[in-house]
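# Examination of the molecular architecture
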Amino acid sequence: MELPDFMNYGSKFSQTEFVEKIARIAKRAGAKLVYAALILYYTLQSDKISAANKAMIIGALGYMISPLDVIPDAIPIAGLTDDLAVLLFVLKKVWTDIDPDIQQKAKNRLSKWFDADEIEEVNDLFKNEE
C-alpha cells in the first residue's frame, strides 16, 4: 500500500476530535491502532520531541481523524488499514524519541476499551504490518 501525503492533514488535528474519534472507533479499530495513536498523541505533548517530528505526528493524527481517507473508515475491516499504516510509519520515524513512560501511559489507557487479551497484541506493535 502506498501511503497518502498525510502531512496535508495537519489542519484536521485537534485534541478534542482525537479523543472523540478514538472513543468512537476503539473496538472496531483494534488495540494496535489505538495504541499507536495514543503513543503519538502523548508524544506530541512532550517537550523532548523536535518540531519536525511534531509536525509529522500532527499530520498522521489529522489523517486518522479526517473522514477523507484513501480507504474510507466506514468500509468494514479494510477501512482503518490506511490509518494504521500511516500511524505505524510515523511511529517508526519517531520511535527513538518515545519515552518508555509514554508507552506505559498509552498501554494503561487501553484498558478503558480493551481486555487483557486484546491489549497483549500491542506488545509486538510492528509485527504483521500491512
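Residues numbered from 1 in each chain as written. Predicted model: local features only at pLDDT ≥ 70, side-chain atom pairs only at ≥ 80, totals over all residues. Heavy atoms only, no water.

## A closer look at the overall build of the protein chain
Counting its regular elements, the protein chain contains 6 helices and 0 strands. Along the protein chain, helices and strands appear, N-terminal first, in the series α-α-α-α-α-α. The buried share of the protein chain, reckoned over its 130 residues, is 48%. By sequence separation, contacts in the protein chain at least 24 residues apart represent 74% of the contacts at least 6 residues apart. When the accessible surface of the protein chain is summed, it comes to about 6,900 Å², and 52% of that surface belongs to carbon and sulfur atoms. (Helix = DSSP H or I, 4+ residues; strand = E, 2+ residues; numbered from the N terminus. Buried < 20%, exposed > 50% of the residue type's maximum accessible area, 1.4 Å probe, protein only. Contact = heavy atoms within 4.5 Å. Areas by Shrake-Rupley, 256 points an atom, 1.4 Å probe, with all protein chains shown as cover.)

## Brief notes about the nonpolar core
In this structure, Phe18, Val34, Leu61 and Leu87 are the most contacted members of the largest nonpolar core, which totals 45 residues. Among the secondary structure elements, those contributing two or more residues to this core are α1 (15-29), α2 (31-44), α3 (51-65), α4 (81-94) and α5 (100-110). Counting residues per element, this core draws most heavily on α2, at 12 residues. With residues near it in sequence (within four places) discarded, Leu61 still touches Phe13, Phe18, Ala37, Leu40, Tyr41, Leu44 and Leu87. (Core = buried A, V, L, I, M, F, W, Y, C linked by side-chain atoms within 4.5 Å.)

## Focus on the pattern of salt bridges
The final tally for this structure, using the stated rule, is 2 salt bridges. In this structure, the salt-bridge partner of Lys27 is Glu118, at a minimum N-O distance of 2.8 Å. One end of the pair, Lys27, is in helix α1; the other, Glu118, is in helix α6 (residues 116-120), with 91 residues separating them in the sequence. Its salt-bridge partner being Asp99, residue Lys48 comes within 3.8 Å of it at the nearest N-O pair. (Salt bridge = Lys/Arg side-chain N within 4 Å of Asp/Glu carboxyl O.)

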